[in-house]
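One-letter residues, chain by chain:
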Amino acid sequence: MTAMRAILSGCLAITAFPGVADSFCARLDALSPVQPALMLPPALSDQAGVCQTSRALSGSVHVHCRWSFVYRSDAATALFEGLFETVATCLGPDAVMTTDQSVNHPDAYDLRMFDIAGRTFAVSLKDKGALQQTLVFVRVQQR
């Protein structure tokens, strides 16, 4: 199955079963520093994301969850695209989406951010050549 077909079937599965997407959306919205993991909708992955907390320069607190893959794998790209679509669906049409391609190291990087009601959600894909890993992240700004 190609990566695009996997993404489309994952998105179709999520929209065909609104409870699945709704439960992920609720988990994403309620993500907090005390959660050690984030489960994705089964159509995207059965692998739990490992979550950690960080503080931004502004002082706001963020929770980052990550999924690790073999370097530049199709599975990482498929998860990134599927997670991006799922987060966009969760946040709805009022979320303002921006992208950021600036990075200070040679590895590949794709960041898509959503701002809604003064809160930021981000989905990113990062290739780490030195580690021979590709990482997918979701970041949620705390309220």
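A. Inspection of the state of the cysteines at higher detail. Counted by the stated rule, this structure contains two disulfides. Here Cys-25 connects covalently by a disulfide to Cys-90, the sulfurs 2.0 Å from one another. Here the S-S torsion is close to -80°, and the disulfide linking Cys-25 with Cys-90 is therefore left-handed. Of this pair, Cys-25 sits in helix α2 (residues 18-29) while Cys-90 sits in helix α3 (residues 74-91); the two residues are 65 residues apart in sequence, bridging distant segments of the chain. Disulfide partner of Cys-51: Cys-65, at an S-S distance of 2.0 Å. Sign of the S-S torsion, about 105° for the bond between Cys-51 and Cys-65, identifies this disulfide as right-handed. Here Cys-51, found in strand β2 (residues 49-55), pairs with Cys-65, found in strand β3 (residues 61-70); they are 14 residues apart in sequence, far enough to count as distant. Accessibility assignment for this pair places Cys-51 and Cys-65 in one class, buried.

B. Layout of the confidence of the model for the protein chain. Residues with a pLDDT of 70 or more make up 80% of the protein chain, whose mean pLDDT is 82. No element of the protein chain has a lower mean pLDDT than helix α1 (residues 3-16), at 36, and none a higher one than α3, at 96. Within the model, pLDDT remains below 50 along residues 1-20, and this stretch shows 17 contacts once partners closer than five positions in the same chain are excluded.

C. Representation of the packing of aromatic side chains within the structure. Considering all chains together, one arrives at one aromatic pair under this definition. Centroid distance Phe-84 to Phe-114: 5.6 Å. Interplanar angle 25°. Geometry classified as stacked. You can see Phe-84 sitting in helix α3 and its partner Phe-114 sitting in strand β5 (residues 109-116), a full 30 residues away along the chain. The positively charged end of Arg-112 is found above the aromatic ring belonging to Phe-84, 4.7 Å away from the centroid. A cation over a ring is seen here: Lys-126 above Phe-137, with NZ or CZ 4.8 Å from the ring centre.

D. Focus on the pattern of salt bridges. Within the structure shown, the criterion is met by four salt bridges. Measuring nitrogen to oxygen at the nearest pair gives 3.4 Å for the salt bridge that ties Glu-81 to Arg-112. Placement of the pair is Glu-81 in helix α3 and Arg-112 in strand β5, with a sequence separation of 31 residues. For Glu-81, a relative accessible area of 21% puts it in the partly exposed group. In this structure, Asp-110 engages Arg-112 in a salt bridge whose closest nitrogen and oxygen atoms are separated by 3.0 Å.

E. Main features of the nonpolar core. Within the largest apolar cluster, 26 residues are counted, with the highest numbers of intra-cluster contacts made by Leu-38, Trp-67, Leu-83, Val-87, Val-136 and Val-138. Elements with a minimum of two residues in this core: α2, β3, α3, β6 (119-128) and β7 (133-141). Residue contributions to this core peak at seven residues, all from α3. Each residue touching Val-136, except ones within four places of it in the same chain, is listed here: Cys-65, Arg-66, Trp-67, Phe-69, Ala-76, Leu-79, Phe-80, Leu-83, Ser-124 and Leu-125.

Rules behind the numbers
- Residues numbered from 1 in each chain as written.
- Predicted model: local features only at pLDDT ≥ 70, side-chain atom pairs only at ≥ 80, totals over all residues.
- Heavy atoms only, no water.
- Disulfide = S-S within 2.5 Å.
- Helix = DSSP H or I, 4+ residues; strand = E, 2+ residues; numbered from the N terminus.
- Buried < 20%, exposed > 50% of the residue type's maximum accessible area, 1.4 Å probe, protein only.
- pLDDT = per-residue confidence, 0-100.
- Contact = heavy atoms within 4.5 Å.
- Phe/Tyr/Trp six-rings, centres within 6.5 Å; stacked < 30°, edge-to-face > 60°.
- Lys NZ or Arg CZ within 6 Å of the ring centre and 35° of its normal.
- Salt bridge = Lys/Arg side-chain N within 4 Å of Asp/Glu carboxyl O.
- Core = buried A, V, L, I, M, F, W, Y, C linked by side-chain atoms within 4.5 Å.

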